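Listed below, chain by chain, are the residues.
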Amino acid sequence: MDWKAELSARFQLRCFQAEPLAPYTTFRVGGRAESLVLPESVEEWSWLLDFVKKRGLPLTILGLGSNVIISDSGLSGVVASTRGMARIEIYGNDISADSGAALDTAAARSVAAGLAGMEKLSGIPGTVGGAVRMNAGAYGQETFDQLAGFTALRPDGTMQKSVKSEIKYGYRQVSGISGLLILSAHWQLRPGEPAAPLQTRKDTLRARADKQPLDLPSAGSVFKRPAGDFASRLIDSCGLKGLTVGRAQVSPKHAGFIVNLGGATAQDILALIAQVRAAVQNKTGVRLELEQIPLGF
């Protein structure tokens, strides 16, 4: 059986051929997936890992597409979205969430339960799996601060449970995780006066709305924070706010963001990133490190 037919037979209405990927990313750019599937269980993910391995097919995992730039030519092989895995459970002071759950939803649920430790993660536009993979954070709080551990599938389809003490992590990086498919994460939070984390969440969301260009498609902060400084300050100091390539623009509201003005291509975005990096390095000597992940280039 042709591999696409076999994939379709397995996932049926959750399998799409030549599917446009722009709607699956917050940048709203990118070509088509050769095949796109939406697994909904550990068994389906395990089957898929075995399938692509036996067939020698490339596999790309997408969450909410909030930290990626997908090539205009699309992605070959199989693209698998974690959106079908979105369970969130709270028991006592602990919260467990599947990899495809929105991190903001997990933060909102924790705050509603009167628990502290995730409230400043509010508004981060990604999934739990993506947050664990890169130790996402904001306003002085990171995913790994209260993380107890996570479960994942190894490339051979076997399960792995990891506790935080076994993992080396730092600012926007986690070691030894690249070959794993994150299935779920577990946090141990702090009980407290419910009003305090709720107010912090409100303040965090308000600060994001005030400072960030949330009215236009973007993928969040383009660059990692350089040591002792901020990428946005360096970019602004070079007079790059408003710099435009095609329909991609350095946000006039926040220099750390590149926005899609409507009709931007992935190539527009990458060309603009290259111009910004060159200008900042020429003026300040700092080589900005990309936080977003190009796929398919």
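This write-up is about the structure you can find in this document.

1. Focus: helix α7 (residues 266–284)
An α-helical turn contains 3.6 residues, so a residue and the one three or four places further along point in the same direction. The end-to-end C-alpha distance of α7, which contains 19 residues, comes to 27 Å, matching closely the 27 Å that a straight helix rising 1.5 Å per residue would cover. The complete set of buried residues in α7 reads Ala 266, Asp 268, Ile 269, Leu 272, Ile 273, Val 276, Arg 277 and Val 280. Axial view of α7: buried residues confined to an arc of 165°, hence all on one face. Summarising the contacts, the buried residues of α7 are in contact with β4 (68–70), α6 (231–237), β18 (244–245), β19 (248–250) and β20 (257–260). The first or second residue beyond α7 is Gly 285, which carries a positive phi of 80°.

2. Observations regarding the pairing of strand β11 (residues 147–153)
Counted residue by residue, β11 has seven buried out of seven residues, so it is predominantly covered. Bridge analysis of β11 against strand β15 (residues 181–188) gives six bridges, and the strand direction is antiparallel. Following the sheet pairing, Thr 151 is matched in β15 by Ser 184. Bridge analysis of β11 against strand β12 (residues 159–163) gives five bridges, and the strand direction is antiparallel. When the bridges of β12 are listed, Leu 153 appears paired with Met 159. As consecutive antiparallel partners, β11 and β12 are separated by five residues, and within that stretch Gly 157 has a phi angle of approximately 90°, a positive value.

3. Focus on the packing of helix α3 (residues 103–112) against helix α5 (residues 195–211)
Contact geometry of α3 with α5 gives a least axis separation of 9 Å together with a crossing angle of 150°. Comparing their axes, α5 and α3 come out roughly antiparallel. Viewed along their axes, α3 and α5 form a crossing whose handedness is left-handed. Note on element contacts: α5 touches α3 through Pro 197, Leu 198, Arg 201 and Leu 205, opposite Asp 104, Ala 107, Ala 108 and Val 111. Here the residues of the contact of α3 with α5 sort into six nonpolar, no polar and two charged.

What counts, and at which threshold
- Residues numbered from 1 in each chain as written.
- Predicted model: local features only at pLDDT ≥ 70, side-chain atom pairs only at ≥ 80, totals over all residues.
- Heavy atoms only, no water.
- Helix = DSSP H or I, 4+ residues; strand = E, 2+ residues; numbered from the N terminus.
- Expected span 1.5 Å × (residues − 1).
- Buried < 20%, exposed > 50% of the residue type's maximum accessible area, 1.4 Å probe, protein only.
- Arc of directions from axis to C-beta.
- Contact = heavy atoms within 4.5 Å.
- Pairing = 2+ DSSP bridges.
- Axes fitted to C-alpha atoms, helices over the stretch in contact; angles between N-to-C directions.
- Parallel < 35°, antiparallel > 145°, perpendicular 65-115°, else oblique.
- Left-handed = near helix turned anticlockwise from the far one by under 90°.
- Nonpolar A, V, L, I, M, F, W, Y, C, P; charged D, E, K, R; others polar.

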